[in-house]
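# Structural overview
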Amino acid sequence: MGLARQGVQRIVNDLVELGFVVLEENIDHKRSPLVCISDKGAGVMGEIAKVQAAWVNELSDGFSEGQIVEALELLETVRERCEKTTQTGESNEN
């Protein structure tokens, strides 16, 4: 994902301190614990999902299913092109 290990570790440490995730033993790699969502974190994620669903419903109000499918296809194409140019370091100048 293009993230530095140190940056991710800092975020995980913050989430542990806040009680949103817990670290569990990783039997496959002793020095790398598994990061698991806590009950508190799952509750917060549930609340976020409710708010997000309401926002998406409001945002998409009035669009047909076909319009939404077309928009999704366009966004997927843009994402694929971004990933391709990021991997190759090139850009398509057309």
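A brief report on the enclosed structure follows. (Residues numbered from 1 in each chain as written. Predicted model: local features only at pLDDT ≥ 70, side-chain atom pairs only at ≥ 80, totals over all residues. Heavy atoms only, no water.)

### Regarding the pattern of salt bridges
Going through the model one piece at a time under the given rule, you end up with 4 salt bridges. The residue Asp14 makes a salt bridge to Arg10 at a minimum N-O spacing of 3.2 Å. One end of the pair is Asp14 and the other is Arg10, both in helix 1 (residues 5–18) and 4 residues apart, which spans about a single turn. Here Arg79 makes a salt bridge to Glu83, at a shortest N to O gap of 3.2 Å. With Arg79 and Glu83 both in helix 3 (residues 65–88) and 4 residues apart, this pair spans about one turn of that helix. (Salt bridge = Lys/Arg side-chain N within 4 Å of Asp/Glu carboxyl O. Helix = DSSP H or I, 4+ residues; strand = E, 2+ residues; numbered from the N terminus.)

### A short note on a negative patch on the surface
There is a patch of like negative charges on the surface, built from Glu70, Glu73, Glu76 and Glu80. Summarising the element assignment, Glu76 is placed in helix 3. (Patch = residues over 30% accessible without salt bridge, like charges linked within 9 Å, V, L, I, M, F, W, Y side chains within 5 Å. Areas by Shrake-Rupley, 256 points an atom, 1.4 Å probe, with all protein chains shown as cover. Lys, Arg positive; Asp, Glu negative; His and termini not counted. Charge placed at Lys NZ, Arg CZ, Asp CG, Glu CD.)

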